[in-house]
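# Descriptive analysis of the structure
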Amino acid sequence: MVPKPKRNNAQHQPLTTVLRNIIREYPPGGGVLRELCQNADDSGATTIEFVLDQNQHPTDNLLHDRLAEYQGPSLLAYNDRPFSETDFLSLSRIGDSEKAHDESSTGKFGRGFNSVYNWTDGPTILSGNSLLLLDPHHYWSLDVHQPGGPLYDFVADYADSAMANQLSPFKRHVLNFSQSFDGTVIRLPLRTAEQASKSEIIQRRDRKPTTADDIKEAFMSYATEMSESLLFLKHISSITLKIGDTVFAKAVGRKFHGAKDLTNTFSIEEPYSEVLIRGDKPHKDEQFMMEISFQKQGALHISRYAITHHMRHKVENPDLQRWARSYKLFPWTAVAFPLSYSHEFRGRLFSTLPLPQKIQHPAHIHAMFSITPDRQSIHSASDSTISESAEAKKGALWNKWIFQELVVHAWVANLQFINDLAVKTDSGMSKWLHWPAGKQEHGETGIPGTEILGVVFKNIVAQKRGLLPTICDTMARGSDAIFASELEESLRNALRKTHIEVICPPNDRLYELARIPPQNVGVRHISPAVIRSELTVLSKDLGLGSLDVASRSVLLDYILSDNTFQSIGKCQAPLLPIMDGTYRSFTCSGVRYRFSQKDEIQIFEDCKAYLIDRSKLSDQALHIFATGIKDLEKYTSISPWSLSGASWYCKEYVFKDEISRKVSDDTIYRPDLSVEWMDRFWSWAILKHRQQVVTGLTGLWLLPLAGQRYYKIGSASKALGVFGSSRAAEVLRGILETSPEASRRYPVFTGHEMSLSTANSFQGMGIIMNCGSFEELVKWLALFPGFLSALGNEERTGIVNCLGNLAGQGLPLSVKKRVAPLLRKLPLFRDAFGAHAGSECTWISLDNPRIHYVVIPDENTLLDLCRPRTTFICVGDPAAVSLLHTFKLADIPLNSDLLEKYVIPAMSDLGDKMKTALSRYVLQPHNALDLSQKSQEILKLLQFVPVHGKVSVLKSPSELVDPKSDTAKLYFEDESIFPDNDYLEEFQDGLERLGMITSITESVILNRLETYSKLPLQIDKISEMLQHLFVAAPKPPVLEPRYVELKWVPASMITSGVMTLCSPCDCRNSSQKARVKYSMPLTELEVGPWWSKQLGWDRTPAVHHILKQLDEAINHQDNEVITALLDSGWLYIDAIANQLENKAWIPGVSGGYHRHSEIFLRNARFHPYIDNISPQVVKYFRRTHTLAPGKLKQSPSANKLREIQNIIARKGKLSDNDLTVFLSLLEALPAYGTKIDPKQWKAPDIEGVLYDLADLTAGDALHDGQEKAVTNLKFLHPNVSLSTIKALRIPTIQERFLDQRAGAEFGLDFAQHEDPVTAISDTLQRYPFESTFNEYLANAEDSGSAQKIRWVVDRTENYPNDDKNLITPALRECAGAGLVCYNNGVFSEKDFEAVVKIGVNRRDNPLKIGRFGRGSLTMLSSRHLAAIITNSLQVSLDLYALLCVRQIFRYL
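Everything quoted here is computed from the prediction, not taken from an experiment.

What counts as what
Once a new chain begins, its residue numbering starts again from 1 and follows that chain's sequence as written. Per-residue local features of the predicted model are confined to residues with pLDDT of at least 70, and side-chain atom pairs are confined, for both listing and counting, to 80 or more; whole-chain, interface and lining totals are unaffected and use all residues. Only hydrogens and water are set aside; all other atoms, that is, all heavy atoms of the structure, feed into the side-chain values. Joining through side-chain atoms within 4.5 Å is the link that ties buried Ala, Val, Leu, Ile, Met, Phe, Trp, Tyr and Cys residues into a set, and such a set is a nonpolar core. Each residue is placed in one exposure class: buried if its accessible area under a 1.4 Å probe, protein chains only, is under 20% of its type's maximum, exposed if it is over 50%, and partly exposed if it falls in between. We count a stretch as a helix when DSSP gives it H or I for four or more residues in a row; a strand needs E for two or more, and each element gets its number in order from the N terminus. Residues count as neighbours in contact if any of their non-hydrogen atoms are within 4.5 Å of one another. Two strands form a pair only when DSSP identifies at least two bridges running between them. Polar contacts, as used here, are pairs of N or O atoms within 3.5 Å; protein pairs need one atom able to donate a hydrogen and one able to accept it. Residues neighboring in sequence count only if both atoms are side-chain atoms. Note on geometry: axes are lines fitted to C-alpha atoms, helical ones only across the stretch in contact, with angles between N-to-C directions running from 0 to 180 degrees. Any angle that falls under 35 degrees is termed roughly parallel, while one over 145 is termed roughly antiparallel, one within 65 to 115 roughly perpendicular, and all others oblique. All residues other than Ala, Val, Leu, Ile, Met, Phe, Trp, Tyr, Cys, Pro, Asp, Glu, Lys and Arg, Gly among them, are scored as polar; the first ten of these are nonpolar and the last four charged. Residue-level confidence of the predictor is what pLDDT reports, using numbers from 0 through 100. The rule for a salt bridge is simple: a side-chain nitrogen of Lys or Arg has to be within 4 Å of a carboxyl oxygen of Asp or Glu. Patches here: salt-bridge-free residues with over 30% relative accessible area, like charges joined within 9 Å, nonpolar side chains (Val, Leu, Ile, Met, Phe, Trp, Tyr) joined within 5 Å. The protein chains shown are the only cover counted for residues, whose accessible areas, like all others here, come from Shrake-Rupley with a 1.4 Å probe. Pairing of aromatic rings covers Phe, Tyr and Trp, the last through its six-membered ring, and needs centres within 6.5 Å; plane angles under 30 degrees mean stacked, over 60 mean edge-to-face, and all others mean tilted. Each ring is checked for a lysine NZ or an arginine CZ that lies within 6 Å of its centre and within 35 degrees of its normal; such an atom marks a charge sitting over the ring. By definition, any crossing whose near helix is turned counterclockwise from its far helix by less than a right angle is left-handed, and any crossing with a clockwise turn is right-handed.

### Focus: the nonpolar core
Within the largest apolar cluster, 121 residues are counted, with the highest numbers of intra-cluster contacts made by Phe50, Leu241 and Trp411. Among the elements that line this core, the one with the most residues is helix α9 (residues 391-425), at 13 residues. Apart from residues no more than four positions distant in its own chain, leucine 241 is found in contact with Leu33, Phe50, Phe219, Tyr222, Ala223, Met226, Thr246, Val247, Phe248 and Ala249. Core analysis: the second largest hydrophobic core is formed by 43 residues, Ala484, Leu556, Ile578 and Ile638 among them.

Okay, structure coming up:
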């Protein structure tokens, strides 16, 4: 027997659910107006008007009483095209509109339209003679037996008063209701608060009324795109937004072709049908200008666009064409260029109306794109998670083809269109403004697949269109232009002036265009060779005559930049600047143009007609000329200056008169010749042609002498060279300046205004003699002894120093032997003590063999040290010393030897006055540094320093202290250990070097401590000195025990405050105040860590001191001391820790002190029984603390709390404090959960008496006169919280005496259901088959019980073909191969309900991943039959109702 179904579980979908799902996809706002506009355009309307009607219309005597609630404010949408019967039919079939099959329409009327339910529950449509009142909730339409949408003939019934009142809101647009209305008005009554509260269309959380402000906000939103919406609509040319009778915004579009207005005569519908529908033509372009006037709140803005539509009947890929046709997608695109905008303009995508997606291109682009289900973007190939066969992937392929083919074609055509317009109107093209955006180095143009710049560029070149913007503000063909990826501004300007057509894209388009291989485009790329060729052509046509200097310089730089000089030599462009103001070319014509270096210009400046003007050459050109001059000389008309060229210049321009007169004298007088020019000439000639200069310039008067005379090169006579910066040359020149006759008496070349290198070169070439030769200068002085006698002291000293410098440079031994006898006879040295009483110094020679000559550095500070047969000579310059040393003319002792042999021995023999005076010489800085160790040891102990305040007393340096040092602060004033102030100021460094005390040393410290211990009455002064000592010497020496036992530390007990000197071992400093202030004296001195260690203050005090300190702290309730003791670690010592076990010393947070067992980290504020530990010391008791004295428990245990309860309970009636503690205990109990047994606990009643919890009742006490049973209850204390009552399960009054009553009422779902086939069909378009796997994974997860999922392909084909074994023969189609999805979860009743009511259940459940009933329908992608088995149930689903079974069977 065939089993019988349990119940019907067929799929269906309530209409309100359908509408709710639709408005989730079409949110409120301007999008609703957009959908109504698109529907009007599809109907053929040319104008649409939206009016916010805030009036209240008649509510009595309507077609139905409940329609009164829809007579309030509303939104009216009027268009000038009436509804057809097909339109009404499409509206009634949601998601299965007739327009889905109408290739001439843009949208699917009936789905987008239903976005109006964002604002209303009862839209009304008046069109033709029909009045349609939609009632998706069936609030009133069931009463007229037309549930959901009664349609009336208002013309037939216009005279009826109910109909007249119902039509009242339409009077704004319909003037005569007695005849058919040639248009359509859609009225949307704004949803009221009452309607929102019960509406099934909007979700519960969104149940808010629709206000006039909501519509105004939508108007504001839609106004931002309203004018642009007209660009690609087929019919509508006017959109108006009104608030009452006031125009809020209005956009009107007009189409033009030239001066002809096409608005009323042309519609894109014509070519649309001709190409896309009928295929009469394979393709077609339509181009026109559109002017859109946009008025908003009184302000008028007019924008103009150039628009090109491009349509094709076929797609090259047949599969893609079939797929697109199946989705009503056609090869139609349009591009709109705004004709007045800034560089920041960025367009957006349109699919007739604007899409939310912005693009980087400077144009609006319309096409029949494949759009994502949420309508927020177009499909893109960037989604790599979708397989090749997925619909979204094909959509991405379609969109890419649109951009690469259709949009590129339309873009190129639109560029041509606006270019032709510019030519006709002579207005000029806008360069690159209308070109597509390009790829950027670190980004794309926006949407992947929309990059078209390179394709547009290549198409323009291939089609030989003159649309390529050039830097000359012209449009060129690719074959005529030169492409430049980048141009410096100067080169751009120069090329622009030559009218060479160069294409240089802006930076935002350069990255993409520059990466197109030149061979793939057919455009020449810029190079110096290309520009040279262009310039040569222009020069032949005389096209460079008006070029300015700066442009010629830039062009010259560029054509030189590749250094191909052979090619440069063929360039006939006149770009070489000549100093006579002309320009010449590079081609060789027999004339050589000289490229001069900077120094050569002034030398050869008279031949300007042959000199290249360096001032007009850039640094780059100068560098190329300088480095490539040999190649330039070889291939071009350019040459450098040479020696032969210089000789030609001198003969033609400098000595032209002498050459013509054939002058033969060796010396000529030429006052007109500049010695400076002569120096520059010689410097240049010697530098470049040193070896050939004499022979190359022979016979030219180029050697300058004194008196403006010039000597001919090649003569045999020589002159004495007195030039350069040597001392000898300076001295001799000085003598010649004071004696002009000397220059005329002797052949002297002074080198006046000539460079030293030139003069040296003259000497090197044998033309002059060298005055800087030591031997020649000595011989010259010996020949003229009167020369020295005539000199003053300064001049003669200069001669000596000059000779010393020359001798110090190293002389051969043979020269020394020849010159030494001559030197000894020259009076060149001073006797140190030969002049007395102010007389001038005496110059002597050193030729007496019986005298020993000794050199001293200075004769002014030493006393006359007379020695037998010894003469001291004074030498003040190192050069003179070098001269004496080189020729061994005198003994030159070291300064230390002079002091040790002569000065210091004399100090021991002289009296105090002379001793002090001589010490001033010894201690001079330069002498003190030269003292030997032996001399220093003698002086350290020698008493020669006067003492401050006692000048007659002399002390040795080692006995004194520097009064300006920190050390001086450690001494008393009457100790007489400071040197005299004036003496100290003059010889500070010397005294320090000889041992004067300047710093605190170990000996100073020990001396001071011992001194202080002997002065008990100087406590204040000692405190001051000790504090200075501790700061100035933070690291003391190791102190022997006796210094620790001496009493030298000022300290006092905190109780008495009397200051005495104490030994360090008996006191502590104030840093340990908190640790010892009750048990040891404290010093106020600030003592550093090193001193503290030496004084023993870092060691732990005795145990009795520590315990005394702790006891006093508890007595004084001084938690700071307890914290300090814990921080010190002293309490962790075993001897002390053992004594603290039973001592109440740990501070609690509530005050007081507790034993270790009575204190906890938290949850123990039950003072005085137990307490939380005080925050001041808690860190010392945490488990992680390394010195924790004992591990405290985190919180008291339940047993501990019960102990406290028992303690309190034994007291009887509770005191106020105990009552507070007990109430706190009760509030803490719920946190212990199952560890608490309510049977073991008590609680206080309203009188504060404790009872078992079971004996108490929670609630307010009742009054007299109530039931007797009630008045006998013991009521719980009112301060016990409700949460505690529930946690401890304390009975309430209601639980004891009242029965709880509860009933659930369930509303009946009275909604009209949409055909599930349509809903499932729509779902399958949104969810590709490949998403089945993800959807069923989400469903398994949402079931809450599944832990694993498996997919199995069942390839079985031979299932029994016996109908007897089937529930029904119609299920035979379910047998055979199939796809099986298994999970180990079980369906619930709600899961089955979700399958039945598509899209209803899980949508609003935030804990669920998916929408069970929608995504799961992907199982019907490959077949119209499916089955579900779960628990003991089987469900058979029949998509097309082909089977007779739509029931649930019990699975056997």
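Here the narrative resumes, following the displayed structure.
### Notes on the sheet that holds strand β21 (residues 502-503)
The three strands lie next to each other as β21-β20-β22, forming an open sheet whose pairing is parallel. Each edge of the open sheet carries a strand with a single partner, namely β21 and β22 (524-525). In this sheet, β21 lies alongside strand β20 (residues 482-483) in parallel orientation, the contact comprising two bridges. Following the sheet pairing, isoleucine 482 is matched in β21 by valine 502.

### Description of the environment of valine 554
Structurally, valine 554 is set in helix α14 (residues 549-560). By relative accessible area, valine 554 is classed as buried at 17%. The spacing of valine 554 and alanine 621 is 67 residues in sequence and 9.3 Å in space, taken between C-alpha atoms. Each residue touching valine 554, except ones within four places of it in the same chain, is listed here: Ser490, Leu491 and Ala494.

### Considering the side chain of serine 596
Locating serine 596 in the fold gives a position in the loop between β25 (593-594) and α16 (598-603). Given a relative accessible area of 1%, serine 596 falls into the buried group. Of the polar contacts made by the side chain of serine 596, one reaches the side chain of tryptophan 641; its length is 3.0 Å. Residue contacts for serine 596: discarding those within four places in its chain leaves Ile601, Leu611, Arg614 and Trp641.

### Re the sheet that holds strand β30 (residues 719-721)
Taken together, three strands build an open sheet; the order of strands is β31-β30-β32 and the sheet is parallel. Unpaired on one side and paired on the other, β31 (748-749) and β32 (768-770) mark the two borders of the sheet. In terms of strand pairing, β30 meets β31 through two bridges, oriented parallel. Counted as the bridge partner of leucine 720 is valine 748 from β31. Those strands touched by helix α25 (residues 756-764) are β31 and β32, and its axis lies near 100 degrees from that of β32.

### A look at the packing of helix α41 (residues 1103-1115) against helix α42 (residues 1119-1128)
Viewed as axis vectors pointing N to C, α41 and α42 meet at an angle of 150 degrees, and their least axial separation amounts to 8 Å. Relative to α42, α41 is oriented roughly antiparallel. Every residue of α42 that contacts α41 at Gln1109, Leu1110, Ala1113 and Ile1114 is listed here: Val1121, Ile1122 and Leu1125. Of the residues assigned to the contact of α41 with α42, the class counts are six nonpolar, one polar and no charged.

### As for the confidence of the model for the protein
Taken over all residues, the pLDDT of the protein has a mean of 82, while the share at 70 or more is 85%. Within the model, pLDDT remains below 50 along residues 1298-1313, and this stretch shows 18 contacts once partners closer than five positions in the same chain are excluded. Across residues 1440-1452 the pLDDT falls below 50, and counting only partners more than four positions away or on other chains, this stretch makes 43 contacts in the model.

### Describing the pattern of salt bridges
All told, the structure shown has 39 salt bridges when counted by the stated rule. A salt bridge links glutamate 225 to arginine 34, with the shortest nitrogen-to-oxygen separation between them at 2.8 Å. One end of the pair, glutamate 225, is in helix α6 (residues 212-229); the other, arginine 34, is in helix α2 (residues 30-43), and 191 residues separate them in sequence. Exposure remark for glutamate 225: the relative accessible area of 7% places this residue in the buried category. Counted as one network, the salt bridges with shared partners bring together Glu274, Lys281, Lys284 and Glu286.

### A look at a nonpolar patch on the surface
Taken together, the side chains of Val591, Tyr610, Trp648 and Tyr653 present a nonpolar region at the surface, about 350 Å² in accessible area. Its location among the elements puts tryptophan 648 in helix α19 (residues 643-654). Judged by relative accessible area, tryptophan 648 falls into the partly exposed class, the value being 37%.

### Digging into the environment of glycine 1057
With respect to the element layout, glycine 1057 can be found in the loop between β39 (1049-1051) and β40 (1060-1062). In this structure, the C-alpha to C-alpha distance between glycine 1057 and leucine 1082, residues 25 residues apart in sequence, is 9.5 Å.

### What to know about the pairing of strand β8 (residues 181-189)
Of all the nine residues making up β8, eight are buried; the element is thus mostly covered by neighbouring parts of the structure. Of the pairings in the sheet, the one linking strand β4 (residues 74-79) to β8 comprises six bridges and is antiparallel in character. Bridge pairing links serine 74 to proline 189 in β8. Looking at chain direction, strand β5 (residues 124-128) and β8 are connected through five bridges and run antiparallel. In the sheet register, glycine 128 faces β8, and the bridge partner there is phenylalanine 181.

### Focus on the packing of aromatic side chains
If you walk through the whole model with that rule in mind, you get 33 aromatic pairs. Look at phenylalanine 749 and phenylalanine 762: their rings are 5.6 Å apart centre to centre, the planes differ by 65 degrees, and that puts the pair in the edge-to-face class. Of this pair, phenylalanine 749 sits in strand β31 while phenylalanine 762 sits in helix α25; the two residues are 13 residues apart in sequence, bridging distant segments of the chain. Each member of the pair phenylalanine 749 and phenylalanine 762 is classed as buried. Ring pairing ties together the aromatic residues Phe604, Trp641, Trp648, Tyr649, Tyr653, Trp677, Phe681 and Trp684, which thus form one cluster. Over the ring of tyrosine 139 we find lysine 198; its NZ or CZ atom is 5.2 Å from the centre of that ring. The aromatic ring of tyrosine 1043 is capped on one face by arginine 1042, whose charged end is 4.3 Å from the ring centroid.

### Digging into the packing of helix α26 (residues 774-783) against helix α29 (residues 813-824)
Close contact between α26 and α29 brings their axes to 10 Å; oriented N to C, the two are set at 30 degrees. Taken together, the axes of α26 and α29 lie roughly parallel to each other. Read as a crossing pair, α26 and α29 show a hand that is left-handed. For the pair formed by α26 and α29, the contact residues are Phe774, Glu775, Val778 and Ala782 on the first element and Val815, Arg818, Val819, Leu822 and Leu823 on the second. Residue classes in the contact of α26 with α29 are distributed as seven nonpolar, no polar and two charged.

### Here's the deal with unusual backbone geometry
Residue proline 1168 follows histidine 1167 across a cis peptide bond; omega there is 10 degrees. Structurally, proline 1168 can be placed in the loop between β45 (1159-1160) and β46 (1171-1172). For lysine 328, which is not a glycine, the phi torsion comes out positive at approximately 55 degrees.

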